[in-house]
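Next come the chains, spelled out residue by residue.
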Amino acid sequence: MEKQKSAMKKQGWEIEAIGINYKISTKKREHPFKIFTKNQELNQESKQQVTDIEEASLGARHVLKDVYCKAKPWEILAIVGPSGAGKSSLLEILAGKLTPQNGSIFVNQNPINRAQFKKASGYVTQKDTLFPLLTVEETLMFSAKLRLRLPRDQLSSKVKSLMHELGLDHVAMARVGDDRVRGISGGERRRVSIGVDVIHDPEVLILDEPTSGLDSTSALQIIDMLKLMAETRGQTIILSIHQPGFRIVKLFNSVLLMANGSVLHHGTVDQLGASLRTMGMQLPLHVNVVEFAMESIDIVQQQGKVLKQEIQPQLLLSSSTRKSQQKKVEEAGESRSGKFTLQQLFQQSKVVDEESIGFEFDFPPGFANSRLQETLILSHRFSKNIFRTKELFACRTIQMLISGLVLGSIFYNLKDDLVGAEERVGLFAFILTFLLSCTTEALPIFLQEREILMKETSCGSYRVSSYAIANGLVYLPFLLILAILFTVPLYWLVGLNPQFHGIHAFPAVNLVDSLHSELGCGKCLEYMFGKCMVSAEDLLKEEGYGENGLDTVRASAV
Ligand SMILES: Nc1ncnc2c1ncn2[C@@H]1O[C@H](COP(=O)(O)OP(=O)(O)OP(=O)(O)O)[C@@H](O)[C@H]1O
C-alpha cells in the first residue's frame, strides 16, 4: 500500500470528468409548501412523472451539456469561453462544491471520494475571502496551523518558503486589506488567496478566474507562478480565464473552449489553431488563437460538429478504460443500495457516491487539530482581529455608557406601585430590544466572516463548533464589560431591587441577551425578539414579582 501511495504521489493526479450534465431550475415554485401537501399523496411512479413534467414546465436550464475534460499532472488546463459558458459551474463540480445530475469524475482512473478529494485539493474562488486586518504572514500562518499537523518551527519555515515562492516576501508584514481597508495590491492579494489554498501541498489546484481584475502584467505574473508550481510540485492545475493575453496562452498546456455549456475544443492551443483552419477560417499571423476563437465563437459553435469529431477519437481511444471505470461506479452503487431503480439502470453515467467508493488518498483522515487546538488557534485569530478594530470597540463602550445614563434619567427613581411596575416592564422590554438592535451592527462583520467560515469548514480546516466556541470565548469578556457599564448607572438611577441577587442578575441577564444576539445575529431575528419577553419575565422575577412576573403586572393593571 505504501509503495502504491508513493507511486501515486510521483505520478501526480490525472483528473477526468466524463459526461457531466448539470441543470438548474430557472422558475420558482408557485407554492413553496407544495411538497408538504399535494406531493405527499403521490406514489413513487407518479412522482417520477411529475418530476419529468415539472422539469420541462419549470424551465430547467442546461448549464453543462455532456462535458468531457481531462487535466494532467505537471500541467495547466485552462477553461476559456465567453461569460455564461459554464466555466465556474464546471470548476465547482470538479472541486466537489456542486453535484451534477449526470457524470463521473475520476482521479487516476479511479472514482473519487469527494470528502477526501476536497481536503486533498485546493479551490481558489474568484473573490478573495481573507481577513483584511491580518498581515500576509499571519494569514498564511493561521491557514498552515489549521490545515497541517506540524511543529511550530516547521510551520514557520513552510510559510516563509511559500511566501518566497509566491513572491510575497516584501509584503510579509503588510496588512491584506480590502475595498475599505488599504492593504496590499490586488495581484498580491490574489497570491495570498492562492497561498492559503496551497499551504497543504494539494495535488490538484482549481482556480476560478485567478487573473480577474488584474492588469496584464500582474495576470501574467500569476499564471507564470502557477506554471512554476505545476512544474516543480507536479500539481494538476485547472483554471478558468476570461481573455488570456498572448503570453499567458503560451503557458497553458491544454485549453478547454466552452460556449453555452458545451465543449467546443479540448486540446492544445496549436490543435485549436489547426481546427479553426480546417473550418476554413483565416488566422492572421501572430494572432492570439484563443482570443480569435472566442471572437468567432458563433461560427465555431455552428461548426461545432467538426470540432467535436476532433475530440471523439480521443474519447474512443479510452472507451475500454471508461467502460471498466463505469462498471466500478455501478458496482459501488449496487453494493451501496443493494438494488437499482429503473432510472439508475438506464442512466448512461452516474454521479459517483463519495462515501462508498474507496480510492486511497495520501492524506490523514479527520481534522489536522483537536477541537481544543482549533479553538485556541481560532481564538487567537479572533483576538488579533478585535484588537485591530479598537476604534469600533471604543465607540461601542461610550455608546453603552451614555445609553445607560440617558435611560436611567428617563426612568429615574421608579415607585413600587402599579404604575412603577408597568414602567418597569416597559423599561425591561426597551433595554432588551435596545441590546438586540445594538448587536445588529455585527451583522456585516458576520456576513463577511461567514464566507471565510464556509470556505474553511467546507475544505475540512476545522469544525464549525470550534469556531462558535472561540467566537464566544473572545467576545465574552468584552460583552461583560459592556453589560456592567450599561447596567450599573441605570440600576441605581431607576432604583431597582437593591438586594444582592437582583444586583447580580440584572447585568447577567443583559450579558446573556447580548451574547445570545451576538452569536445568533445571522439567525432568526423574530426568535431573538421573542426572547426579549422571556428575559423581561426573568428580570421581573428578580424584582420580586414572582414566577409569572408579566401576568402579575397584567393582573394588577386590571
Ligand atoms: N445557481 C444559479 N442560478 C441561476 N443561474 C445559474 C446558476 N448557476 C449557473 N447559472 C447560469 O448558468 C450559466 C453558466 O454560469 P457560470 O457561472 O458557470 O458561467 P461562467 O462561464 O463562469 O461565466 P463568467 O465567466 O461570467 O463567470 C450562466 O448563464 C448562469 O447564469
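The structure displayed is predicted, hence computed values, not measured ones.

Caption draft 1: Region of the structure containing the pattern of salt bridges. Inspection of the entire model under this criterion finds 13 salt bridges. The closest approach of N and O atoms between D128 and R190, which form a salt bridge, is 3.0 Å. Of this pair, D128 sits in the loop between β6 (121-124) and α5 (136-147) while R190 sits in helix α7 (residues 186-198), placing them 62 residues apart in sequence. Judged by relative accessible area, which is 3%, R190 ranks as buried. Here R147 makes a salt bridge to D197, at a shortest N to O gap of 3.8 Å. Placement of R147 in helix α5 and of D197 in helix α7 is noted, with a sequence separation of 50 residues between them. According to the relative accessible area criterion, R147 is buried, its value standing at 15%. The class for D197 is buried, based on a relative accessible area of 3%.

Caption draft 2: Representation of the packing of α5 against helix α16 (residues 371-387) within the structure. Relative orientation of the contacting elements α5 and α16 amounts to 165 degrees, with a least axis distance of 10 Å. The pairing of α5 with α16 is recorded here as roughly antiparallel in orientation. In the crossing of α5 with α16, the sense of the turn from one axis to the other is left-handed. Here E138, F142, K145 and L146 of α5 lie close against α16, whose contacting residues are I377, L378, H380, R381 and K384. Tallied by class, residues from the contact of α5 with α16 come to 4 nonpolar, 1 polar and 4 charged.

Caption draft 3: Summary view of the site of the ligand. Surveying the vicinity of the ligand reveals 13 residues, the closest of which are R61, S83, K87, S88 and S89. Between an oxygen atom of the ligand and a main-chain N or O atom of G86, the distance comes to 3.0 Å. Between an oxygen atom of the ligand and a side-chain N or O atom of S88, the distance comes to 2.7 Å. Contact with the protein chains removes 61% of the 630 Å² of surface that the ligand exposes when unbound.

Caption draft 4: Structural context of the sheet that holds strand β3 (residues 76-80). Read from one edge to the other, the open sheet built from 6 strands follows the order β6-β7-β8-β3-β9-β10, with strand pairing classed as mixed. Lying at the two open borders of the sheet, with one neighbouring strand each, are β6 and β10 (262-267). Within the sheet, the average angular offset between the axes of one strand and its neighbour, ignoring direction, is 15 degrees. Relative to strand β8 (residues 236-241), strand β7 (residues 204-207) is paired through 4 bridges, and the arrangement is parallel. In the strand pairing of β8, I206 is matched with I238.

Caption draft 5: Molecular detail of a nonpolar patch on the surface. Side chains of I398, L401, I402, L405, V406 and I410 sit close together on the surface and give an oily, nonpolar patch of about 550 Å² of accessible area. As for its placement among the helices and strands, I398 is situated in helix α17 (residues 390-410). Exposure remark for I398: the relative accessible area of 52% places this residue in the exposed category.

Caption draft 6: Spatial organisation of α17. Between the first and last C-alpha of α17 there are 30 Å, a value that for 21 residues agrees with the 30 Å anticipated at 1.5 Å per step. Along α17, the residues that are buried comprise F393, R396, M400, S403, G404, L407 and G408. When α17 is viewed along its axis, its buried side chains cluster within an angular range of 120 degrees and face the same direction. Relative to its buried face, α17 has exposed residues pointing more than 90 degrees away, namely K390, E391, C395, I398 and I410.

Caption draft 7: Structural view of the UniProt feature "transmembrane region" (unreviewed entry) in the protein chain. When the UniProt feature table is mapped onto this chain numbering, "transmembrane region" (unreviewed entry) sits at residues 393-414, 426-447 and 468-494. Span residues 393-414 is 82% helix and 0% strand, its end C-alpha atoms 32 Å apart. A helix fraction of 100% and a strand fraction of 0% characterise residues 468-494, whose end C-alpha atoms lie 36 Å from each other.

Caption draft 8: Region of the structure containing the pairing of strand β1 (residues 15-25). A large share of β1 lies buried, amounting to 8 of its 11 residues. By the bridge criterion, 5 bridges tie β1 to strand β4 (residues 102-107) in an arrangement that is antiparallel. Note that in β4 the partner of A17 across the bridge is I105.

Caption draft 9: Focus on the side chain of T139. Considering the arrangement of structural elements, one finds T139 in helix α5. Filtering out sequence-adjacent residues up to four positions away, T139 remains in contact with L130, L134, V176, V192 and V196.

Caption draft 10: Up close: the packing of aromatic side chains. Per the counting criterion, the structure on display carries 2 aromatic pairs. Measuring from ring centre to ring centre gives 6.3 Å for W13 and F117, while their planes differ by 25 degrees; the resulting arrangement is stacked. Taken together, the residues W13 in the loop between α1 (2-11) and β1 and F117 in helix α4 (residues 114-120) connect sequence positions 104 residues apart. Assigned by exposure class, W13 and F117 land together as buried.

About the cut-offs
- Residues numbered from 1 in each chain as written.
- Predicted model: local features only at pLDDT ≥ 70, side-chain atom pairs only at ≥ 80, totals over all residues.
- Heavy atoms only, no water.
- Salt bridge = Lys/Arg side-chain N within 4 Å of Asp/Glu carboxyl O.
- Helix = DSSP H or I, 4+ residues; strand = E, 2+ residues; numbered from the N terminus.
- Buried < 20%, exposed > 50% of the residue type's maximum accessible area, 1.4 Å probe, protein only.
- Axes fitted to C-alpha atoms, helices over the stretch in contact; angles between N-to-C directions.
- Parallel < 35°, antiparallel > 145°, perpendicular 65-115°, else oblique.
- Left-handed = near helix turned anticlockwise from the far one by under 90°.
- Contact = heavy atoms within 4.5 Å.
- Nonpolar A, V, L, I, M, F, W, Y, C, P; charged D, E, K, R; others polar.
- Near = heavy atom within 4 Å.
- Polar contact = N/O pair within 3.5 Å; in protein donor to acceptor, adjacent residues only side chain to side chain.
- Areas by Shrake-Rupley, 256 points an atom, 1.4 Å probe, with all protein chains shown as cover.
- Pairing = 2+ DSSP bridges.
- Patch = residues over 30% accessible without salt bridge, like charges linked within 9 Å, V, L, I, M, F, W, Y side chains within 5 Å.
- Expected span 1.5 Å × (residues − 1).
- Arc of directions from axis to C-beta.
- UniProt positions renumbered as here; feature names shortened; annotations may be inferred.
- Phe/Tyr/Trp six-rings, centres within 6.5 Å; stacked < 30°, edge-to-face > 60°.

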